[in-house]
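Fold and geometry: a report
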Amino acid sequence: METLRTGQAHVFGNNIDTDQIYPARFIEYTEEADIKKYAMAGSDNPDFVQETQPGDLIVAGTNFGCGSSREHAAITLKGNQVGAVVAESFARIFFRNAINLGIPVITCPGVHAHVQAGDRLQLDLKAGEFRDLTNGWTAPVEPLDEYIMNILSHGGIKPLMRALTSQGKVRD
Amino acid sequence: MHAIEKLLAVKAGVDRVHAGQIVNCDVDVAGINDLYYQTVKSFYEMGGKKVKHPDDVQIFFDHYAPCATVIQAEDHKKFRAFAHEQGIANLMDVNQGVCHQVVVDRGLAKPGEIVVITDSHSTMHGALGAFGTGVGATDLATILITGKLWFKVPEVIRINLTGRLQPGVYAKDVILHILGDLKADHGIYKAIEFAGPALTDFTISERLALCNMTTEMGAATSYIQPDDRTRAFLKSKGVTDYPVYTTDADYQYEEDLTYDISQIEPQVAAPADVDNVHDLSNYQGIHVDQAYIGSCTGGRLQDFAIAAKILKGHHIAPDTRLIIVPASGEVTRECIARGYIQDLLDAGATLSPSGCAACIGIHQGLIAADEVCMSTSNRNFPGRMGSLKGQIYLASPAATATAALTGQITDPRDYVEA
Ligand code: SF4
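Residues numbered from 1 in each chain as written. Chains lettered and ligands numbered in written order. Predicted model: local features only at pLDDT ≥ 70, side-chain atom pairs only at ≥ 80, totals over all residues. Heavy atoms only, no water.

**Details of the sheet that holds strand E11 (residues 255–260) of chain B**
Whenever strands of a sheet pair, they do so through backbone hydrogen bonds, lying parallel or antiparallel. All names here are of chain B. To be explicit about the condition: In short, DSSP must find at least two bridges between two strands for them to pair. Secondary structure is summarised from DSSP: a helix means a run of H or I of at least four residues, a strand means a run of E of at least two, and numbering begins at the N terminus for each. Only C-alpha atoms enter the line fits that serve as axes; for helices the fit covers just the stretch in contact. Angles between N-to-C directions range over 0 to 180 degrees.
The strand order across the open sheet built from four strands is E10-E9-E8-E11, with neighbouring strands paired in parallel fashion. The open sheet is flanked by strand E10 (221–224) and E11, the only strands paired with a single partner. Between one strand axis and the next, the sheet turns by 20 degrees as a mean value, whatever way the strands run. Pairing analysis gives five bridges linking strand E8 (residues 156–162) to strand E9 (residues 191–195), with the strands arranged parallel. Across the sheet, residue Asn-160 finds its bridge partner in E9, namely Ala-195.

Right, dumping it as structure tokens:
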């Protein structure tokens, strides 16, 4: 896993729910190639998909990903190769879904107030540090539990489970 | 330890657990709803071949039931094939209803069990003493392969309810009031327990509504200590054998809050946040285009009884439509047997098949731009029930039925008998 993530900031507010990240009207799609077209389509920046570059970071306020359990919200960000989501706090199911897909979801108090859209950002997962390279703001991030780090370092639960099933460690 | 911790410890096969710890637990009910064919895809992507415990798996056709598009129909078809192939007998087809209500109707939510469904409102099952929690598709696929899933042991916030509700005020008003007070992120990763003398009076239906909406506070799960009402309810479903864990006297709650429910007036969550809660009286007179009675929050027998009482012998307002969606097939049949559906149809209601329907804005009652919908459901985000410019007010079944009657937001206390 790449532990140094550098990219541009896309900034969103508090309580960004899954209908903003991935509106229900596109929920019938099941392929990542389709799902990735509608990232943040219900938010106040519906042009996100056109603007984002692989590796860019999403910065948000509190409770990012609240609302439904739809994994589409994480799949669409993965499809756009979002490098990480850094927020004041995350809703629980979104957090799990993102980790399962190998997207670092990192809690960093104060981040929303200190980052402007377009800033160049760097997240150092190893050092547990977040840096706004544009304005120099640096802050520690909340460490992830070992169990969760293990999933993330395998690139998500799918590669991890594939490794286990193929080694016969999970009996079916 | 808290009762929830004791439950998780047993399911993880360990003596003790503590808040913040990650535990890998056996899952008793693993539910997949029809929005998430992704679950099956993830199952195969992870190298899954045989579902470990097919009898514990439930597949629910609810959000799309019955299908409105070809893509939905294809998803149902693929699910049916998967169920056949894996020997999953519990496929709840389009006649069954919303997953959470079906779980309750079938007596599957019970003390001491872990209920995991690919749906955020799985917190509801705490009302019956289960550990209910929602997950995404890939987490559920992990359960299909291993029979287990990891959980972080939650801290518990206890909400004590005291006092007595005024006539015309209901459990839905209580939970809306609490949400407005604590806000949408107050319970992230936490368990919300309801307790206190007033809770004893609450019916199972009301308790389910309370626990259902803790999801809107971000809660991982919710809990009500099983009591005589719980036991009587489960017995009516033929369920008598289950462990009941109790919380140790020295357990430290993260927060211990008390609400005197006698003071609560009819509430609404106004557009477009669930925690944008105010006294309904502030919104009196706003024209209502659609009144919606349904969903896993407000589509049970008791909700239709309240609505039927208000509307029986009357007719809904001329410029207002009333969509009624009993949460499950069983609720529909009971509502018919008791005459509620007849009363509501006579009053001008439109009956929709059981399922999620317009609660999730997929079909059966979407609203247009600038239309106002008053709903007994649980979310009022922009676009949740149709147009992004639609306006959704969440309220009790009584307030929703009253709005259908008068065509505008109206204090239901003037329309229910004391
Ligand atoms: S009724 Fe509404 S809230 Fe309940 S499961 Fe269906 S879509 Fe979700």
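Moving on, there is more to tell.
**Some details on the UniProt feature "domain: Aconitase A/isopropylmalate dehydratase small subunit swivel" (unreviewed entry) in chain A**
To keep it simple, the criterion reads: UniProt positions are given in the numbering used here, feature names are shortened, and annotations may be inferred rather than shown by experiment.
The feature "domain: Aconitase A/isopropylmalate dehydratase small subunit swivel" (unreviewed entry), as annotated in UniProt, sits at residues 35–103 of chain A in this numbering. Between the first and last C-alpha atoms of residues 35–103 of chain A the distance is 16 Å; the span itself is 32% helix and 12% strand.

**Remarks on the nonpolar core**
Note the following rule: Throughout, nonpolar core names a set of buried Ala, Val, Leu, Ile, Met, Phe, Trp, Tyr and Cys residues whose side chains join them through atoms within 4.5 Å. Each residue gets one of three labels from its accessible area relative to the maximum for its type: buried under 20%, exposed over 50%, partly exposed in between, using a 1.4 Å probe on protein chains only. Whether two residues are in contact is decided by their heavy atoms: any pair within 4.5 Å suffices.
One finds Phe-64, Leu-77, Phe-94 and Phe-130 of chain A to be the most contacted residues of the largest nonpolar core, which totals 95 residues. Those residues in contact with Phe-130 of chain A that sit more than four places away from it in its chain are Val-86, Cys-108, Val-111, Val-115, Leu-121, Gln-122, Leu-123, Trp-137, Thr-138, Ala-139 and Val-141 of chain A. Met-92, Met-124, Ile-204 and Leu-394 of chain B belong to the second-largest nonpolar core, a separate cluster that totals 62 residues.

**A few points about empty space enclosed by the protein**
Keep this limit in mind: Buriedness for pockets is judged along seven lines, at least five of which must meet protein on both sides within 12 Å for an open set on the 1 Å grid over protein atoms alone, while cavities are sets there where a 1.4 Å probe fits but cannot get out, and lining residues have an atom within 4 Å of a point. Grid points are joined across faces, edges and corners, and a volume is the space filled by probe spheres set on the points. Put simply, Ala, Val, Leu, Ile, Met, Phe, Trp, Tyr, Cys and Pro go in the nonpolar bin, Asp, Glu, Lys and Arg in the charged bin, and everything else, Gly too, in the polar bin.
Using the criterion set out here, one finds four cavities of 30 Å³ or more in the structure. Considered as a void within the structure, the largest cavity measures approximately 240 Å³ in volume. Lining the largest cavity are 25 residues, and of these Cys-66 and Gly-67 of chain A together with Thr-215, Gly-218 and Arg-379 of chain B lie nearest its centre. Listing elements by their share of the lining of the largest cavity, those giving two or more residues are helix H5 (92–100) of chain A together with strand E6 (131–134) of chain B. Taken together, the residues of the lining of the largest cavity break down into nine nonpolar, eleven polar and five charged. If you add up the space inside the second largest cavity, you get close to 180 Å³. If you trace the second largest cavity, you find 21 residues lining it, with His-63, Asp-119, His-121, Cys-356 and Arg-384 of chain B closest to the centre.

**As for the site of the ligand**
Residue and element names in this part refer to chain B. Quick reminder of the rule: The criterion for a residue being near a molecule or strand is simple. One of its heavy atoms has to lie within 4 Å of it. A molecule is counted as occupying a cavity or pocket when more than half of its atoms fall within 2 Å of that pocket's grid points.
The full set of residues close to the ligand is His-63, Val-98, His-100, Asp-119, His-121, Ser-295, Cys-296, Cys-356, Cys-359, Ile-360, Asn-378 and Arg-384. Of all the cavities here, the one that holds the ligand is the second largest cavity. Its residues placed into classes, the shell around the ligand shows five nonpolar, five polar and two charged.

**Regarding the sheet that holds strand E4 (residues 91–92) of chain B**
All names here are of chain B. Ordered by their spatial adjacency, five strands build an open sheet running E4-E3-E2-E5-E6, and the pairing between neighbours is parallel. Edge strands, defined here as strands with exactly one partner in the open sheet, are E4 and E6. One ladder, built from four bridges, connects strand E5 (residues 114–117) with E6; its direction is parallel. Across the sheet, residue Val-116 finds its bridge partner in E6, namely Thr-133.

**A short note on helix H8 (residues 204–212) of chain B**
In terms of burial, H8 of chain B is a largely internal element, nine of the nine residues being buried. The set of residues buried in H8 of chain B consists of Ile-204, Ser-205, Glu-206, Arg-207, Leu-208, Ala-209, Leu-210, Cys-211 and Asn-212 of chain B.

**Remarks on the packing of aromatic side chains**
Given two aromatic rings, one states the distance between the centres and the angle between the planes to describe the pair. Put simply, the rule is: Note on ring pairs: Phe, Tyr and Trp rings are taken, using the six-membered ring of Trp, and paired if centres are within 6.5 Å. Classes follow the plane angle, with under 30 degrees stacked, over 60 edge-to-face and the rest tilted.
A complete count under the given rule lists 20 aromatic pairs over all chains for this structure. Taking 6.2 Å as the distance between ring centres and 90 degrees as the angle between the ring planes, the aromatic pair formed by Phe-95 of chain A and Tyr-189 of chain B counts as edge-to-face. On the criterion of chain membership, the pair formed by Phe-95 of chain A in helix H5 and Tyr-189 of chain B in the loop between helix H6 (171–182) and E9 is interchain, its members lying in two chains. On the numbers, 5.0 Å between centres and 70 degrees between planes, the contact of Phe-43 of chain B with Tyr-44 of chain B is edge-to-face. Ring pairing ties together the aromatic residues Phe-64, Phe-90, Phe-94 and Phe-95 of chain A together with Tyr-189 of chain B, which thus form one cluster.

**Notes on the interface of chain A and chain B**
The condition is simple: Accessible surface is computed with a 1.4 Å probe, and the buried area is the amount of it that two parts give up when combined, taken over both parts together. By convention in these notes, a salt bridge is any Lys or Arg side-chain nitrogen within 4 Å of a carboxyl oxygen on Asp or Glu. Nitrogen and oxygen atoms within 3.5 Å of one another constitute a polar contact, given that in protein one can donate a hydrogen and the other can accept it, and given that sequence-neighbouring residues count only through two side-chain atoms.
Contact residues are listed per partner, giving 40 residues for chain A and 46 residues for chain B. Between chain A and chain B, the buried area comes to about 3,800 Å², and carbon and sulfur atoms account for 55% of it. Where chain A packs against chain B, one counts three salt bridges. Between Asp-139 of chain B and Arg-96 of chain A there is a salt bridge, and its shortest N-O distance comes to 2.7 Å. Where chain A meets chain B, there are 20 residue pairs in polar contact (both at pLDDT 80 or more). Of all the elements in the fold, those that place two or more residues in the side of chain A that touches chain B are helix H4 (72–79), H5, helix H7 (146–153) and helix H8 (157–166) of chain A. Residues belonging to the side of chain A that touches chain B are distributed by class as follows: 14 nonpolar, twelve polar and 14 charged.

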